[in-house]
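Examining the three-dimensional arrangement
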Amino acid sequence: MSVMQLRSYALGAWVAPAGARPIRTPVTGEVVAEAGSEGLDFAAMLEHARRVGGPALRKMTFHERARMLKALAQHLHERREPLYELSLLTGATRADSLIDIDGGIGTLFVYASKGRREMPDAHVFLDGPTEQLSRSGAFMGRHVCTPLQGAAVHINAFNFPVWGMLEKLAPTLLAGVPAIVKPATQGAWLAEAAFRMIVESGILPEGAVQFIAGGVGDLLSHVGPQDVVSFTGSAATARKLRAAPAILDNATRFVAEQDSLNASILGPDAAPGTPEFDMFVREAVKEITVKAGQKCTAIRRILAPAAHLDALAEALSARLAEVRVGHPALPETRMGALASAAQKADVLEAVGRIGAEARRIFGDPENFQLLGADPDKGAFLPPMLLRCDDPDGARAPHEIEAFGPVSTLMPYRDAAHAAALANRGGGSLVASVFTDDPDFARDLALASAAWHGRLYFADRGIGKEGTGHGSPLPHMVHGGPGRAGGGEELGGVRGVMHYMQRTAVQGSPRMLTAIGGEWVRGAPEIDAGVHPFARRFGELRIGETIHTPARTITLEDIERFAHFTGDTFYAHMDEEAARANPFFPGRVAHGYLLLSFAAGLFVQPDPGPVLANTGLDNLRFMKPVSPGDSIKVRLTVKRKTPRNESHGEVRWDVELTNQNDETVAAYDLLTMNAF
Ligand code: NDP
């Protein structure tokens, strides 16, 4: 096999490696690639992202960028086969590669979908409702988020070359921010191949992404106040990078995801023979062996009730004995190689240090069976289980991360002790609890949630649907406090916010409407001269309004509605009982009657562009309506969101007022309208 020359992609052009260093595959120890980034003009790369990529991305709406992500995901999905071949060379088995490659593409798909469903087809993301800042409502406030006008620098870890790249790119690009991707040099051939597909797709605008194969040179001394550095890797490197003078001087956002001593807790109820015990054993073995334990979320510490410790040690050892270590291309191999010889040496060193306070009860790195590979040339290790019977006195198992197929078993006494031990990791990405006891789960959550970015509870009810302790999901926050880096990624739209600025905007309803693209109560109303239900999606303007005539509510209306629907609640039917209720002056109209009459007042009945009523949001009944009161409705186009080529969602601001112009009910009505 010829040695792959990994190229960088800078200022819209591919650049051959300079000052290259060889990169070996951990499977055979052979040199398979060379990478080097000498000579790249890193300051110019940042400027290119800011001047070319950023403006092109910001011209697009969230929906346009979401569609771009979907097209990219589809493009990669159709071409992913060659990536598996390159993934083998990183030491990954087919199952490992699915997590990396398909997991990465899946993350793009989720962000594409969330961008269209949860973000507006606009340039501004509204964070929360308006705030009334003055008595009459003439002066209002609202928080808006807009894309940062700098570049994102993504510094990725070696363990997931594709997922690591795509899980950062998806929220960054959706936010409208260009990125410079720097993969870990080890395994960079896989990241480069996936990145090449991204560029060749032509789906992203020029400047949206650039790539560094090799070191980052002086890049970090050129970052500014609108840039973001998002880092995954070791705590030591994170500490160094977050203290870079340009990052400190400019308060450049720095998101870190780093080492984590994740714990998994077997509940006191989860005795041998229970479904939770079996689930725990399966999960712990999976976490020790998937990606040869090189997962930031892997279970490093196994906490079990003292009474079940021996049985658990036995069950885990029996399962681990079935794991076949070997060449990742062999179908019978369950666990492949570590990322590099250096990584193997690091793991052995860490095991030695933990071993000073724990004893190895399974796995011998000097003596294990290896399938189809040379133990002297490849970076292979067996799964290893350690046991520490004094978890309170010991420090190493809570502080040293062996980033490989290694976990340490420890006993605990009760929920408080289990939580205290879990928290001794100093802040982690994830902790899991295997229990069928909701009280234990709650105790653990209260005592421990603040120390972990994610808590995973497994009981028999989740069956096979649980995604597992170690899987960060694009929908859920990934990151953790303290030792885990203090950062957050993913978490759906939350992850997009790391690349946007939240700004408190204050002004009149008219200004807030213009800026946010959503009609704010008190802003001018537009009379189009026709009923808005007769107007197509494209014709409707934000602020178009109708005011209906009034309708008087009679006692007979209330009684008919009560008997028709079966809702004969006393507040509508029994004068004396209603009067005794502090909320009502006597019998009052049903809230749902008011909604129904409101629809009767504002609906335009002829067939037309309104296709369906799809729901109500934010419904509030503010003032009771008594027999003899009258109601009228104001219906205003609040926001428009295209859903596909033929129709879009219209959000209407609906306000019901009585004969004294007091608001009796308000809500958002959602309709689907033809284009
Ligand atoms: P590093 O922190 O050394 O590397 C992580 C990334 O940072 C790589 O892209 C690396 O590039 C880059 N980097 C390293 N030094 C600098 C620098 N001075 N300036 C800019 N970028 C830099 O971690 P390793 O990959 O060596 O892994 C070491 C340990 O980190 C593991 O054993 C494990 O404990 C932890 N780790 C944690 C992960 C997690 O997800 N939480 C993932 C991977 C590792 P390059 O490769 O070119 O050096």
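Attention here is on the structure that accompanies the text. Everything numeric in this text was worked out from a predicted model, so none of it was measured. (Residues numbered from 1 in each chain as written. Predicted model: local features only at pLDDT ≥ 70, side-chain atom pairs only at ≥ 80, totals over all residues. Heavy atoms only, no water.)

1. Some details on the pattern of salt bridges
- Going through the model one piece at a time under the given rule, you end up with 38 salt bridges.
- Note that K286 is salt-bridged to E283, the shortest N-O span being 3.7 Å. Remark: E283 and K286 occur in helix α9 (residues 275-289); sequence separation between them is 3 residues, near one turn of the helix.
- Note that E655 and R634 form a salt bridge whose closest N and O atoms lie 2.8 Å from each other. With E655 in strand β29 (residues 647-658) and R634 in strand β28 (residues 630-642), the pair connects residues that are 21 residues apart, well separated along the chain.
- Given the relative accessible area of 16%, E655 is considered buried.
- Where salt bridges share partners, they join E47, R50, R51 and D227 into one cluster. (Salt bridge = Lys/Arg side-chain N within 4 Å of Asp/Glu carboxyl O. Helix = DSSP H or I, 4+ residues; strand = E, 2+ residues; numbered from the N terminus. Buried < 20%, exposed > 50% of the residue type's maximum accessible area, 1.4 Å probe, protein only.)

2. Focus: the pairing of strand β7 (residues 140-147)
- β7 sits mainly inside the fold: 6 of its 8 residues count as buried.
- Looking at chain direction, β7 and strand β24 (residues 500-507) are connected through 8 bridges and run antiparallel. Pairing of T146 across the sheet is with Q501, part of β24. (Pairing = 2+ DSSP bridges.)

3. Quick notes on the site of the ligand
- Of all residues adjacent to the ligand, which total 24 residues, the nearest are N156, T185, S234, T237 and E401.
- Contact between the ligand and T185: an oxygen atom at 2.5 Å from a side-chain N or O atom of the residue.
- Measuring from a nitrogen atom of the ligand, one finds a backbone N or O atom of Q258 at 3.0 Å.
- Considering the ligand on its own, with 870 Å² of exposed area, one finds that the protein chains cover 79% of that surface.
- When atoms are counted within 2 Å of each cavity's grid points, the one that captures over half of the ligand is the second largest pocket. (Near = heavy atom within 4 Å. Polar contact = N/O pair within 3.5 Å; in protein donor to acceptor, adjacent residues only side chain to side chain. Areas by Shrake-Rupley, 256 points an atom, 1.4 Å probe, with all protein chains shown as cover. 1 Å grid on protein atoms, 1.4 Å probe; cavity = no way out; pocket = protein on both sides within 12 Å on 5 of 7 lines; lining within 4 Å. Sits in = over half its atoms within 2 Å of the grid points.)

4. Details of the sheet that holds strand β13 (residues 263-266)
- In spatial order, the strands read β16-β18-β19-β14-β13-β20-β21; together these 7 strands make up an open sheet with mixed pairing. The sheet is open, and its two edges are formed by β16 (359-362) and β21 (452-458), each paired on a single side. Neighbour to neighbour, the strand axes of the sheet diverge by 25 degrees on average, direction disregarded.
- In the packing of helix α14 (residues 438-448) onto the sheet, contacts are made with β13, β19 (406-412), β20 (428-434) and β21, and the angle to β21 comes to roughly 175 degrees. (Axes fitted to C-alpha atoms, helices over the stretch in contact; angles between N-to-C directions. Contact = heavy atoms within 4.5 Å.)

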